[in-house]
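Okay, here's what each chain looks like letter by letter:
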Amino acid sequence: KAGVTQTPRYLIKTRGQQVTLSCSPISGHRSVSWYQQTPGQGLQFLFEYFSETQRNKGNFPGRFSGRQFSNSRSEMNVSTLELGDSALYLCASSLADYYNSPLHFGNGTRLTVT
Amino acid sequence: DQQVKQNSPSLSVQEGRISILNCDYTNSMFDYFLWYKKYPAEGPTFLISISSIKDKNEDGRFTVFLNKSAKHLSLHIVPSQPGDSAVYFCAAQGKTSGSRLTFGEGTQLTVNP
């Protein structure tokens, strides 16, 4: 079974631009979550989607948004990029429609903002 | 407000010996705990989990212990192998937070041959 797939693996953007990252969950998984990993803040939760609805949201500004499609694939968008948005963005999917189910992560998209 | 803390940034052990990684949490609403392993340039890989109704869970060389009164959990790896060298994250989840995970800062484990 294929794992969680994230594209692209690497991105370089300029401050002020916007970016869209893509995630394909494990087949049959309906919950998709996004995390940001930085050296200073560790792994921080961005948001979670289930059945095309945002179910949970972390403490990030409105520049960070996401969506989920009917096939469970998800995208996240960051508008008006800032230097501090440089990070590894991780997508994770899980089988169950609620908690007590492990999240399975993709290999991430490394975003560099210059 | 760091709700999940891994106080040891690094740990070094000899091959074949036991590795013990520790994690503390402060939020009483957490009731499901997980350990992940992460290699550079890869996403975290799920290792083992434990529900708050248990105090121990075993899977091969990996055992997780949970002490609810102390709000403390630990991961034991026996025997340790060089391939276990990675960053280990503990994570916690609560009933009211959906599948949202709160992660510790991670511990770099190095297993020396």
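Heads up: the structure comes first, above all this text.
Residues numbered from 1 in each chain as written. Chains lettered and ligands numbered in written order. Predicted model: local features only at pLDDT ≥ 70, side-chain atom pairs only at ≥ 80, totals over all residues. Heavy atoms only, no water.

Participant: Would you mind going over the side chain of Ser 74 of chain A in detail, with residue names and values included?
Facilitator: Residue and element names in this part refer to chain A. Looking at the element boundaries, Ser 74 is found in strand 8 (residues 74-78). Classification of Ser 74 as buried rests on a relative accessible area of 0%. For Ser 74, the side chain forms a polar contact with the side chain of Trp 34, separated by 2.9 Å. Dropping the residues within four chain positions of it, Ser 74 is found in contact with Leu 21, Ser 22, Cys 23, Val 32, Trp 34, Arg 67, Gln 68 and Phe 69. (Helix = DSSP H or I, 4+ residues; strand = E, 2+ residues; numbered from the N terminus. Buried < 20%, exposed > 50% of the residue type's maximum accessible area, 1.4 Å probe, protein only. Polar contact = N/O pair within 3.5 Å; in protein donor to acceptor, adjacent residues only side chain to side chain. Contact = heavy atoms within 4.5 Å.)

Participant: Run through the layout of surface pockets, naming residues and quoting values.
Facilitator: Of the voids in this model, the second largest pocket is the one considered here, and its volume is about 170 Å³. Residue lining of the second largest pocket: Gln 37, Thr 38, Pro 39, Gly 42, Leu 43, Leu 88 and Arg 110 of chain A together with Lys 38, Ala 41, Phe 89 and Glu 105 of chain B, and that is the complete set. In the lining of the second largest pocket, the residues fall into five nonpolar, three polar and three charged. (1 Å grid on protein atoms, 1.4 Å probe; cavity = no way out; pocket = protein on both sides within 12 Å on 5 of 7 lines; lining within 4 Å. Points joined across faces, edges and corners; volume = space filled by probe spheres on them. Nonpolar A, V, L, I, M, F, W, Y, C, P; charged D, E, K, R; others polar.)

Participant: Break down the sheet that holds strand 3 (residues 19-25) of chain B for me, with residues and values.
Facilitator: Across a sheet, strands are paired by hydrogen bonds formed along the backbone, either parallel or antiparallel in direction. Residues and elements named next belong to chain B. Judged by pairing direction, the sheet is antiparallel, and its five strands sit side by side in the order 1-3-8-7-6 without closing on themselves. Looking at strand neighbours, the two that pair on one side only are strand 1 (4-5) and strand 6 (56-59), the edges of this open sheet. Where strand 7 (residues 62-67) lies against strand 8 (residues 72-77), six bridges are found, and the strand directions are antiparallel. In the strand pairing of strand 8, Val 64 is matched with Leu 75. (Pairing = 2+ DSSP bridges.)

Participant: Account for the interface of chain B and chain A, with residues named and values stated.
Facilitator: Contacts between the two partners involve 20 residues from chain B and, on the opposite side, 24 residues from chain A. Here chain B packs against chain A, burying approximately 1900 Å² in sum over the two surfaces, 55% of which is carbon and sulfur. If you sort the residues of chain B by the area they bury against chain A, Ser 99, Arg 100 and Phe 103 of chain B come out on top, with a joint share of 30%. Where chain B meets chain A, there are zero salt bridges. Counting the contacts that link chain B with chain A gives four residue pairs in polar contact (both at pLDDT 80 or more). Going through the elements one at a time, strand 4 (30-38) and strand 9 (86-94) of chain B are the ones with two or more residues in the side of chain B that touches chain A. Of all the elements, strand 4 of chain B adds the most residues to the side of chain B that touches chain A, at five residues. Considering only residue class, the side of chain B that touches chain A consists of nine nonpolar, six polar and five charged. (Buried area = accessible area lost by both parts, 1.4 Å probe. Salt bridge = Lys/Arg side-chain N within 4 Å of Asp/Glu carboxyl O.)

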